[in-house]
Each structure stands twice: as C-alpha cells, then as structure tokens.
Amino acid sequence: MKTKFIIPFLAITLLFSNSVSSNTLPNNDPEKDRVIVYVLKNILSRYHYVQKKLNDDFSEHVYTTFIDGLDPSKRYFTQEDLKEFSQYKYQIDNQLRESNIDFYKLVYKRFLEKMESGKKTYRSLLKQPFNYKKKEVIDIDYDKVPYAKNETELIDYWRKQLKLSILSNIEDAENQQNEKAKKDKSFKKKSFKVLEAEARKKVLKNMDDLYMRIGELENSDWYSTFLNSVVSGFDPHTTYMSPRIKTRFDQEMSGKLEGIGARLQKKGIYTHIVELISGGPAWKQGELEADDIILKVAQGDEEPLDIVGMRLDDAIKFIKGKKGTEVRLTVKKKIDGSIKVIPIIRDVVELEETFVKSSIVEKNGKKYGVINLPRFYIDFNDLSRRDAAKDMEKEIERLKEENVQGLIVDLRDNGGGSLKTAIEIGGLFINKGPIVQVKYRGEDPLVKVDTDPKIQWEGPLVVMVNEFSASASEIFAAAMQDYKRGVIIGGKQTYGKGTVQNVLPINRFYEQYPNDLGALKMTIQKFYRINGGSTQIEGVYSDISLPTRYSYMDFGERDLDGALPWDKVQQAKYTTTNSYSNFADVVYNSKQRVMNNEKFNKINDYAKWLKKNQDERVYSLNYDAFKKESEAKTKEGEQFKDIFKFDSHLTFVSPKYELNLFKKDTVLEEKRVAWHKNLQKDIYINEALNVLSELKMNNNHVAVKH
C-alpha cells in the first residue's frame, strides 16, 4: 500500500484543533483564488526542482488526492457522488488557470452534508447490538475497497466499521477480565451482553469526540487540504503551510518558542496542562501543574477572557506572547478542584528534547561518548542563538575533557533539518573538503564544502541510523561513509529523502493582500553524495545492517506516491580519510556477531511476522471467528513478547557539566536518568559500542586531500 500524501481524515482531526461552521462554504475570495493560481503558475513553475505541466494527468492527481484525503476509509462518498464529481476530473488544471474552484466547492459541500449524515448514521447504528453470529468479514485495505454503490451500501460500510471497533473493544475488555481473574479468584466476570453494551458506549463516545474535533475545523483547514492536493502534484514534500502551521514549523526548526513553557491539550471543552517544559517560565514560577485546567486568560491587569469551549489554537494565541509580558491564568487545580489565578512572565522557551545531549559509558576499561542529535536545528531568524553545529562542537569538547576514546553519534529518528548545520557538523570530523552536492533544476551540481581545517574529533566514530533517519541525517551519514571516517550502523537503509525544501512566504509574492496567506514549502534542489549518488529513494545503506521491526515494511521515500527518482551526478573531488587500520575486519566481526545473536535473529523473525500481519487486511465480524483469529495471532505474538528485553549491564552517566545543572533542574535530571536506563537496555547501542571498541585508528590517516 502506497503512503498517501494527504493526511488521512481521521488523523487530520487529531492534528488540527480549529473551529468550523459545518453548514457554510468558504467565502468566494477572488484574491485568494488568484494567489493559488499565482503560486502554481509562477512560484512552482519557476522555482520547483521539477518542471510540471498542468495537464489532464495533473488534474487527475488533484482529483484523486483530494477525495482520498477527505474520505480515506470510504465512509462518506458513494459511486453516485463520484459520478457527479468526475465531470471535473480532467478540468481542474483549467479551473485553476481561470481562478475557478468549482471542483473544490462541490466536493467540500457534499462532504459537509455527508458528515452530518454520518453523525446520524453512527448514532442510530450504535443504539442496539449488532448480530455477532452472522458470518461476514470486513476488508480494511481501503486503497482497494470500492466506494459504496449507494447510500444503502454506505450505511452497511459504517455498520461493519463500527462492528469491528466494538469487537476489538470487547476483546480488550475480556482480556483485562481474564488477567484480573488470574490474580483475584473472587473476581466476577461481566457477561458478554454487559461487555458489548459497554463497548458500544465507548465507541459512541470516541465517535462523538472525533466529530467534536471535526466540528472545530475551519473552512481554511479544508481549503488547505485542497491546496496540498494541488501542490503535492509536484512532489510529496512540496506543501502549503497555513499561518498556524508555519508558526509550528519555525518553532520545530529553532527548538524554541516564546510563552509560558507548557504543553496543552483539549479534553472536551477544557484546555488541560499536559506537561511543563523543564526550565520554562511556568516551571520556574512553580504553581502550575500537569492536569490543571485553564479556565480564563488575562493579559496582565486586563479583564480575563473565558476560554472554556474555545478551540485550542485560539486559546494558545492568548496564552502565548512576547518575552517579558505577563499572562494571568485562572486555573482549576487538579489536586482539590480549587480555583486559582496564576501570574506568569513569558519568556523564550527552549525545547530541550530538540537539542544535543550526551552520555558517557565505560566498557572494558575505556570511556566512550554517546551523542544524541534529535534534529539539525537552527534559528534562521537569529543566527546568534544556539544551533546543532555549535552545540555538537561544544558537546564533543566536553567529552574530550573527560577522556572518552570513541564516539557514537546517534541519528536514529532524526528527520533532518538545516542543511547548513549538517555541513558544519560533517566538518567537525574531517580537515576540510566537500560534504554534499546540491543541484537546482537544469543546473550543474554545487559542491558544498567544509572550509574549516579544524577537526573537533579525530578518534573512532560510529554513526547510528534507522529507517526514520532522513534528509540532513542522511547527508552527514553519507559523508562519513564516503570518507570512510565512521562506521554506519543501523537499519538496512535510511529513509531516502534526498530533496531540499525552501519555505517561501506567499505574501512576499503578493504584497497587496492584507492578511497572512501562509507559506509554500517547496522542493528546489536535490542532494547528492560526494561520490555522486543521490540519497533520494536509496538513502544510505548501513555498513552494518541490524534487524529492526521495520526491516520488511513498506516504508520510506520509495513508498511515497510521486517521489522524485534516484539519479547520480559526477563525483566530487575528495580522498578517503584512511582513518582505520581494521575497518573491514570490524564490520565483518559485527556482522558475524549479529548473525549468530539469538536476540537479533528473533527481531528479524518478528519483523517478518509484522509484515505478514500488515498484509492481512480482512477481519471476520463473526464474534467466535474474530475471537479465534485474534487468539491465534496472540499466541503467535507471545513468542515475541520479550523481543526487546535486553540489559547490557553497562552504566551510562551524564558528563560532569550536567551535574551542576541537576542541582537547579530536577526535571532535567529525571529525564537524563530515564534516558540512561534506556541506553542500558538498548541492544543497538550495545552493538554500536562493540564496534566502537574494536576500531583502531591508522596513525598515518589524513583528514582529507582534494
């Protein structure tokens, strides 16, 4: 099954928290229509890496992607609806040129109608039990399942999907009962009838909660979905970002925001505190706690604003604010339900989990450093602030002061970030020379070079990656591999995102429009390794491949619809560093260890089992058959229940500089303790340490010549 570019509808409702009038269409805004056409005809056609013709194929892509994005589970539209929609299937390109969005308006209007109908359908169906003795199945491979022929068949689609949810809930409840009965002989189990009623009630609540979140979506969110179905016709990573999404993107890239330093979540009509960010203003103030409910928000001495029932994003706008300003929160405390006004002075909040962190471990009498880099972060609005390259250089220096003799750079789950920081971090491990090549459409590749002759780390290096390591992570890993500067260890290959995106504020190209139009994140370049091969699709193949749960899954760039192809350019001028005297032997030894390791073999079997289950998309809706199938899968899965249980018996500790921080920040200390425990139980870290401990530097190695 190919990965869809547009987020499936059920996921959209979890990611966005906006409000919408469900009976209205977006106002016809000729200005915005012209902006859409301008983006397509000018910005994309001029600057996107791929020249794309707006033709019937493009129109069909928009048609299919938008409809699939709204209704991925085939529970709203029928073949009758599609017959009506199809009049526009090959006309959308022409409509866009003429500032015409009739296709969008027709589909969106019908979708809102079907949403209201769907609400009545599930509430009606969930009023009484289903027939659980009926022999029938459901196929949840919705890419292949046809749309319902008519409204009658559509209701049956709803019935089957709801029935599957209820069966799953009954099964969970029965399993919980069985566990309790084992521990307590006097425990009385509930009957199937009672469990079924409770399951229906739970599914009803889940659906009501889902529809409440759907009700909070604005017209602009659905319009953004349509815009993304248009721009994704160029490639999967070209996206339209609404002003709200653009703000979140900037925060993720910089690792900071201005506000009170709390994570918020909407639960029903209330805004709850989920977590306080360590070191943030709310954490320092000390009165706000997780699970507190914010009722009102006041700006300093101004009249407080009631935010109960307000959509989360609007509430956040009032709570956040510029550094140095005061916000007064009227809060219902979790402990005793008392109402309290808590004043907090806003400040810059650094998202600590975004930043570099390190640990030290001793193995066979030698110290080694582990550096975790979650993202290649940078604040483009203030380059004087901390970024990944500066922090990495500083962290290596601190580890050198503690006499570590080898270094692991952990890029697992690192989705990328700034190209600039990736190049600078690559330069910390070589003298000077090319790190990556980037290419614009129709131009020769540009070789991006580290010009600083300083080498921050000359010792043994192991780079850890997995299937989620992407983009800038792949640039760094590829450079270290091409120079033979470090051993790459992890999943078979990394994600394979070898494209560069630039974020362009749309108002820059359409200044006369008074409101914020958001931004276009557009693919403008492709990455190429210094050996000439692209990281696109292929990613970086590990020198030492370790089995993971994703080993056989359809995963990565190669499984995205419309992904740009792999190709190659001329190799850059570089010379390998000749760093190790036993590189090949170390790689061979590790492969032998992995091949003969019972745990890794079991993980490989587990990956095959997961793939088999992923491919099985048909479920019985007969209770006895469903239970039998589920029990069989559970029994199969029991052999893997301890699959990731492992203990290296190694002790991981913080570098000395952090010990002083812990005196002021006990939350940070708790996070580090938890991280160190995870490292101790991480079989992949353990093998990386085995590799690192065997590497022997070649005394005659050179950093690079070119």
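This one's a predicted model, so the numbers in the text were calculated from it and none came from an experiment. (Residues numbered from 1 in each chain as written. Predicted model: local features only at pLDDT ≥ 70, side-chain atom pairs only at ≥ 80, totals over all residues. Heavy atoms only, no water.)

*Asks:* Whenever I open this one, the overall build of the protein chain confuses me. Can you help?
*Replies:* A tally of helices and strands in the protein chain yields 21 helices and 22 strands. Here the protein chain has a C-alpha radius of gyration of 28 Å; the compact-globule value for 706 residues is 27 Å, and the two agree. Seen along its three principal axes, the alpha-carbon backbone of the protein chain occupies a region of about 75 × 75 × 60 Å. Counting only residues that meet the buried cut, the protein chain has 52% of its 706 residues in that class. (Helix = DSSP H or I, 4+ residues; strand = E, 2+ residues; numbered from the N terminus. Rg over C-alpha atoms; globule rule 2.2 N^0.38 Å. Buried < 20%, exposed > 50% of the residue type's maximum accessible area, 1.4 Å probe, protein only.)

*Asks:* In this structure, what is going on with the side chain of His676? I would like to understand it.
*Replies:* Here His676 lies in helix α20 (residues 666-680). Relative accessible area serves as the criterion here: at 10%, His676 is assigned to the buried category. Apart from residues lying up to four places away in sequence, His676 is in contact with Ser359, Phe652, Val653 and Ser654. (Contact = heavy atoms within 4.5 Å.)

*Asks:* Where do I start with the pattern of salt bridges in this structure?
*Replies:* As a working rule, side chains carrying opposite charge can pair if their charged atoms are close by. Counted by the stated rule, this structure contains 44 salt bridges. When the shortest N-O distance is used, the salt bridge between Lys205 and Asp209 registers 2.9 Å. Linking Lys205 with Asp209, this pair stays in helix α8 (residues 192-215), spanning four residues, or about one helical turn. The exposure class of Asp209 is partly exposed, given its relative accessible area of 24%. Through salt bridges with shared partners, one network takes in Asp81, Glu84, Lys109, Arg110, Glu113, Lys114 and Glu151. (Salt bridge = Lys/Arg side-chain N within 4 Å of Asp/Glu carboxyl O.)

*Asks:* Sorry, what's going on with the environment of Leu112 here?
*Replies:* Among the structural elements, Leu112 can be located in helix α6 (residues 102-125). For Leu112 and Lys573, which are 461 residues apart along the polypeptide, the C-alpha to C-alpha distance reads 58 Å.

*Asks:* Would you mind showing me how to read the sheet that holds strand β11 (residues 357-363) here?
*Replies:* Whether parallel or antiparallel, the strands of a sheet pair through hydrogen bonds between backbone atoms. Strands sit in the order β20-β17-β16-β13-β12-β11-β22 across an open sheet of seven strands; the sheet is mixed. Every interior strand has two partners, whereas the edge strands, β20 (544-545) and β22 (652-653), have only one. The sheet contact formed by strand β12 (residues 366-372) and strand β13 (residues 407-410) spans four bridges and is parallel. The partner of Val370 across the bridge, within β13, is Ile408. Along the sheet face, α20 touches β11, β12 and β22 and points at about 45° away from the line of β11. (Pairing = 2+ DSSP bridges. Axes fitted to C-alpha atoms, helices over the stretch in contact; angles between N-to-C directions.)

*Asks:* How should the packing of helix α3 (residues 56-70) against α6 be read in this particular structure?
*Replies:* Packed helix pairs are specified by the crossing angle of their axes together with the interaxial distance, meaning the distance between the axes. Between α3 and α6, whose axes approach to 11 Å, the crossing angle comes to 20°. With respect to α6, the axis of α3 lies roughly parallel. As for the relative orientation of α3 and α6, their crossing is right-handed in sense. Each of Tyr63, Phe66, Ile67 and Leu70 in α3 lies in contact with α6, whose residues at this interface are Phe103, Tyr104, Val107 and Phe111. Grouping the constituent residues of the contact of α3 with α6 by class yields eight nonpolar, no polar and no charged. (Parallel < 35°, antiparallel > 145°, perpendicular 65-115°, else oblique. Left-handed = near helix turned anticlockwise from the far one by under 90°. Nonpolar A, V, L, I, M, F, W, Y, C, P; charged D, E, K, R; others polar.)

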